[in-house]
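These are the residues of each chain, in order.
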Amino acid sequence: MINFHVDRSSSVPAYAQLVRQVREALRIGTLRPGDQLPTVRSVVTSCTVNPTTVLKAYRELELSGLVEARQGAGTFVSGTLGHADPHVMGRLRGSLARWLGQAREAGLEDEDVQALLASVIAENATPAKRENAEGAA
């Protein structure tokens with residue numbers, strides 16, 4: 001099960017943070033079809049957010065086909081994102097964790113790490129994504 005957290009200092013709305021966390025968990029394989037999301041009540045308690053915030057996040061996930069609400073039973077994962085091998089993802093996650101440790105030792109903060117990752121991702125975009133980005137500009 002996923003454990004949500006909300007960063008109050010973030011400019012990203014709380015409901016969008018919850019949506020992003022589910023999408024990320026689906027991509028890395030920590031959530032799979034059939035898994036149950038925490039109840040609205042438990043998310044409200046653990047993240048100290050308004051029930052409407054959680055309902056909005058769950059509704060957005062439902063509209064995108066990633067979860068389904070079952071009356072009286074809860075909200076369950078019904079879709080997937082990404083197709084990476086879980087073993088490969090685990091190995092890469094370990095490598096990334098070691099790299100992050102080196103970045104921390106070098107004095108990088110979260111925003112530094114995010115900027116560095118974003119720049120590398122942009123520089124190494126697949127040709128199709130690069131062409132789409134250039135066409136949109």
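See the structure printed just above.
About the criteria used
For every chain, the first residue of the written sequence is number 1, and numbering continues from 1 onward in sequence order. Side-chain atom pairs in this predicted model are given and counted only at pLDDT of 80 or more, local residue features only at pLDDT of at least 70, and totals for whole chains, interfaces and linings cover all residues. The side-chain numbers reported here are obtained from all heavy atoms of the structure, hydrogens and water having been left aside. Only strands joined by at least two bridges in the DSSP assignment are considered to pair. To qualify as a helix, a DSSP run of H or I must reach at least 4 residues; to qualify as a strand, a run of E must reach at least 2; elements of each kind are numbered from the N terminus. Nonpolar cores were defined as sets of buried Ala, Val, Leu, Ile, Met, Phe, Trp, Tyr and Cys residues, with membership established by side-chain atoms within 4.5 Å. Only protein chains enter the accessibility calculation, which uses a 1.4 Å probe; a residue whose area is less than 20% of its type maximum is buried, one above 50% is exposed, and one in between is partly exposed. Helix span, as expected, comes to 1.5 Å for every residue beyond the first. In protein, a polar contact means a hydrogen-donor-capable atom and an acceptor-capable atom, both N or O and within 3.5 Å, with residues adjacent in sequence counting only if both atoms are side-chain atoms; elsewhere, any N or O pair within 3.5 Å suffices. Inter-axis angles, ranging from 0 to 180 degrees, are taken between N-to-C directions of lines fitted to C-alpha atoms, where helices are fitted over the stretch in contact. Orientation is classified from the angle alone, with under 35 degrees giving roughly parallel, over 145 giving roughly antiparallel, 65 to 115 giving roughly perpendicular, and any other angle giving oblique. Each crossing gets its hand from how the near helix is turned against the far one by less than a right angle, where anticlockwise is left-handed and clockwise is right-handed. Residue contacts follow a heavy-atom distance rule, with two residues in contact if any of their heavy atoms lie within 4.5 Å. Each residue is assigned to one class: nonpolar for Ala, Val, Leu, Ile, Met, Phe, Trp, Tyr, Cys and Pro, charged for Asp, Glu, Lys and Arg, and polar for all the others, Gly among them. Residues are called lining when one of their atoms sits within 4 Å of a cavity or pocket point, these points coming from a 1 Å grid over the protein atoms alone, where a cavity is a set in which a 1.4 Å probe fits but cannot get out and a pocket is an open set with protein on both sides within 12 Å along at least five of seven lines. Grid points are joined across faces, edges and corners, and a volume is the space filled by probe spheres set on the points.

Once that is clear, we can look at the pairing of strand β2 (residues 74-77). Side-chain positions along a regular strand alternate between the two faces of the sheet. As paired strands, strand β1 (residues 67-70) and β2 are joined by four bridges and run antiparallel to one another. By the bridge assignment for β2, R70 is matched with G74. What sits between β1 and β2 in their antiparallel hairpin is a turn of three residues, with G72 showing a positive phi close to 80°.

Time to look at the nonpolar core. Ranked by size, the top nonpolar core spans 22 residues in total, and within it F4, V22, L31, L37, Y58 and L61 carry the most contacts. Secondary structure elements with two or more residues in this core: α1 (14-28), α2 (40-47) and α3 (51-63). Looking at this core element by element, the count peaks at six residues for α1.

The next thing to look at is helix α4 (residues 86-105). Between its first and last C-alpha atoms α4 spans 28 Å; for 20 residues at 1.5 Å apiece the expected length is 28 Å, and the two agree. Capping of α4 at its N-terminal end is provided by D85; its side-chain oxygen lies 2.6 Å from the backbone amide nitrogen of H87. Remark: G107 follows α4 within two positions and exhibits a positive phi of approximately 95°.

A few words on the packing of α1 against α3. When two helices pack together, their arrangement is given by the angle between their axes and by how far apart the axes lie. Orientation of α1 relative to α3, taken along the N-to-C sense of each, is 45°, at an axis distance of 8 Å. Comparing their axes, α3 and α1 come out oblique. Helix-helix and strand crossings are classified by hand; for α1 and α3 the assignment is right-handed. Taking contact as the criterion, the partners of A14, Y15, L18, V19, V22 and R23 in α1 are, on α3, T53, V54, K56, A57, E60 and L61. Counted by class, the contact of α1 with α3 contains eight nonpolar, one polar and three charged residues.

Looking now at the layout of surface pockets. In this structure, the largest pocket encloses a volume near 1,400 Å³. Along its surface, the largest pocket is lined by 31 residues, and E24, R93, L96, Q114 and L117 are the ones closest to its centre. Elements with a contribution of two residues or more to the lining of the largest pocket: α1, α4 and α5 (110-123). Ranked by residues supplied to the lining of the largest pocket, first place goes to α4 with ten residues. Tallied by class, the residues present in the lining of the largest pocket amount to 13 nonpolar, nine polar and nine charged.

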